[in-house]
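An overview of the molecular structure
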Amino acid sequence: MGVRTISQATFLLARPANKKPIMPTLRQLHREQQPLISPLAHDALSARVIERAGFKTFNIGGSSLLAARHALPDLGLAGFGEMAAGIRDIVEACRIPCLVDGDDGYGDVKSVTRMVRTYESMGVSGLLLEDQARETKQPGAASARNVIPLDIMEQKLRAALEARSNSEFVIIGRTDALAREGLDGAIRRAERFLKLGADGVFVAGLKTEQQYERVGAAFKGHWNAAALFQSAQTPWISPQILHAMGFSQVCYPNLLIGRIAKALQQGLERLTSLANGNTGAFENSDSEMAVDVLNEAIGLNRWNEIESRFQTV
């Protein structure tokens, strides 16, 4: 897919969503990329770094956004307004299309309708709508404790599909029914989502390579999303193998946010060591490199250039 290093990427200045240049749509990228690889952004900075690295699209994950913005686990603690505020910041920082976590729609069919219309107006390219029950919601790779009845999920999906005004806006049906209804039940739900008109499916909670193989085969030829977690609970399978199984999109939910949390911890441990008299705790070269990456991502030189051009002589 031609991913660039950060130093090779050209500067990308954040622009309002309504002034973004014409870019390939998410549907076009899905057709062209085999598979479509989607890192997950948790804030505007991570989205900008993803874009600068050469990725053509990204997802915005609810769990990572909540962790970064509110230091909360993804247990149904945040409402639509909180999530939309964070997503707006991210979308405005980038030009490439993104797919967002729509959770359960934050309520009934009225709330689902509002969510779709709001995200579409922001410049979001699509969303995932899930059937996990909000009151028992579980984050990350954890198995869902409960799902809503299929007929309620179907009502929400129909409302989402009717609410979009642009046919390019992608709606993915996500099912978390594996733990409650088994793999057969989860696949049946996903099949229903496609019959209702969903653009694709995501069967969450897969724990073994054999489960990935079954879901891949069941939905090969459709928009079929896989999520890979760096976790002892789940296998680590290459994108190429997943594509051969039948998956068309591969997402990496905790790849960035987990590393950032670890880097913060390590940096503070070094600072503690420095405060205790260990003057070798920090390497100046490493610190300078980190600052350079940050300054490039936020476009410091470009903003300084704008300031200098308009200063009164």
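Description of the structure in this document. (Residues numbered from 1 in each chain as written. Predicted model: local features only at pLDDT ≥ 70, side-chain atom pairs only at ≥ 80, totals over all residues. Heavy atoms only, no water.)

A separate point is the nonpolar core. Of all hydrophobic cores here, the largest spans 64 residues; its most connected members are Phe58, Ile60, Ile87, Tyr119, Tyr212 and Leu242. Of all hydrophobic cores here, the second largest spans 13 residues; its members include Leu29, Leu36, Ala204 and Ala225. (Core = buried A, V, L, I, M, F, W, Y, C linked by side-chain atoms within 4.5 Å. Buried < 20%, exposed > 50% of the residue type's maximum accessible area, 1.4 Å probe, protein only.)

Inspection of every chain in the model, using the stated rule, returns four aromatic pairs. Pairing Phe80 with Tyr106 gives two aromatic rings, centres 5.6 Å apart and planes at 45 degrees, and the pair type is tilted. Taken together, the positions of Phe80 in helix 4 (residues 80-93) and Tyr106 in the loop between strand 3 (98-101) and helix 5 (109-122) put the pair 26 residues apart, joining distant regions of the chain. What makes Phe80 buried here is its relative accessible area of 9%. (Phe/Tyr/Trp six-rings, centres within 6.5 Å; stacked < 30°, edge-to-face > 60°. Helix = DSSP H or I, 4+ residues; strand = E, 2+ residues; numbered from the N terminus.)

What follows is about the packing of helix 6 (residues 150-163) against helix 7 (residues 178-196). Relative to each other, helix 6 and helix 7 sit at 30 degrees, their axes nearing to 10 Å. Handedness of the crossing formed by helix 6 with helix 7: right-handed. Across the interface between the two elements, Leu150, Met153, Glu154, Leu157, Arg158 and Leu161 from helix 6 touch Arg189, Arg192, Phe193 and Leu196 from helix 7. Here the residues of the contact of helix 6 with helix 7 sort into six nonpolar, no polar and four charged. (Axes fitted to C-alpha atoms, helices over the stretch in contact; angles between N-to-C directions. Left-handed = near helix turned anticlockwise from the far one by under 90°. Contact = heavy atoms within 4.5 Å. Nonpolar A, V, L, I, M, F, W, Y, C, P; charged D, E, K, R; others polar.)

Before going further, it helps to spend a moment on the state of the cysteines. Evaluated as defined, the whole model comprises zero disulfides. Cysteine Cys98 is unpaired, with the sulfur of Cys94 as its nearest cysteine sulfur at 7.9 Å. (Disulfide = S-S within 2.5 Å.)

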